[in-house]
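# Structure assessment
Spelled out from the first residue to the last, the chains are:
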Amino acid sequence: MIANILRTGVAASVLVSSVALAGDTAPAIRDVPVGGMIAATIDGKPVTLRVDPAAPGLVFVTTAVAERLALKGGALGLGYSVGGQGAMQATTVRPMTFGIDAVKRRIGFPSRKHEAKGKAADPRWVGRPYADVGDGSIGPASLPEPVVRILLNAPRAGERTVALPMVDGGGLLGKLSGTFAQITIGGQPIRVRFDPYHPSTTVTANAATLIAQAQRGTLAGLTAPVEIAFGIARPVRTMTLATPLLVGPLALSSLGVRTTDVGSAAGIPEADAPPPDPDEIVVIAKGKRDANRDRLTIGADLLDRCSAIVFDKPAKQIRLTCG
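The model shown is predicted, which means the values in this text are computed figures rather than measured ones. (Residues numbered from 1 in each chain as written. Predicted model: local features only at pLDDT ≥ 70, side-chain atom pairs only at ≥ 80, totals over all residues. Heavy atoms only, no water.)

Core analysis: the largest hydrophobic core is formed by 60 residues, its most contacted members being Phe194, Met239 and Leu296. The biggest single contributor to this core is helix 3 (residues 205-215), with six residues. Other than its neighbours up to four places away in sequence, leucine 296 contacts Ile183, Ile190, Arg191, Val192, Arg193, Thr201, Thr202, Val203, Leu245, Val247, Leu252 and Leu255. (Core = buried A, V, L, I, M, F, W, Y, C linked by side-chain atoms within 4.5 Å. Buried < 20%, exposed > 50% of the residue type's maximum accessible area, 1.4 Å probe, protein only. Helix = DSSP H or I, 4+ residues; strand = E, 2+ residues; numbered from the N terminus. Contact = heavy atoms within 4.5 Å.)

Among the eleven residues in helix 3, eight count as buried, and that is most of the element. Turning to helix 3, the residues buried within the fold contact strand 16 (179-185), strand 17 (188-194), strand 18 (202-204), strand 19 (217-229), strand 20 (232-247) and strand 21 (250-258). A positive phi of about 55 degrees marks arginine 216, the residue just after helix 3.

Here we come to the state of the cysteines. Per the counting criterion, the structure on display carries one disulfide. Between the sulfur atoms of cysteine 306 and its disulfide mate cysteine 322 the distance is 2.0 Å. Residues cysteine 306 and cysteine 322 are joined by a disulfide whose S-S torsion is about 90 degrees; by sign, that bridge is right-handed. Placement of the pair is cysteine 306 in strand 23 (residues 306-312) and cysteine 322 in strand 24 (residues 317-322), with a sequence separation of 16 residues. Of the residues examined, cysteine 322 reaches a relative accessible area of 1% and is grouped as buried. (Disulfide = S-S within 2.5 Å.)

Structure representation (structure tokens):
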């Protein structure tokens, strides 16, 4: 197995439409209903998948579905890292259909090969399902339509829509990391995931430090475990921002900091710490930072204000509509 480590009134059915504007054909749009469930086939057999805007760039199926479809892992195995713990995935490319669209997609499912290597295997790296919902999960980039509109909630008065740049995870295997929006904080890019199926908004440590410096953030309270992805929970503390951070139409006044993931949050001041002595010289060392690994994940605590997320692949935009 080749192990590659990747650093992490609404319609009741799926509608796929194409609209002609001024004599030109607009890109086909897939409307994904609230709850995200759509029908598809793998090897001609029906499956129900949840469209998850935070999902990496594979079609993930559960162990039970992989066994029912007799899927066999190929040469490319993938490990997704969440705070130093891993979710090993066997992968294979299979024919799929989404409505009338027939395509081939890489499918991932929990791998047991790594666990079978005996004492040499790292116990933190095991086969884990992405999510036990329906038959599996799929990100918007894996759907065949150029534009994917994920409906989150009923529209509300006063909504506005803001477009953000769309990027992948960066590097050779960046597309397998997933699809992200990108914002800039302190002159540095940070990738943003939209995760309506986890309750909390969180950020990795190095990105949290940038946000704290730009928005005057302070930490308070105890560390608590929060699930991030693949069922993996990481230690998180609450950071309060004196100046809210704008992500499209959303204003973040607080968020959870993954204190030891992708760097350290030790440089973020405590809320109850005394002010620094103006005569004291403080030296803060700056380590090498890989911007591709910084992640800000917007959870349901904020996305509950939003009615839709649109992933426009031709325009390379993610459009977020929130009240």
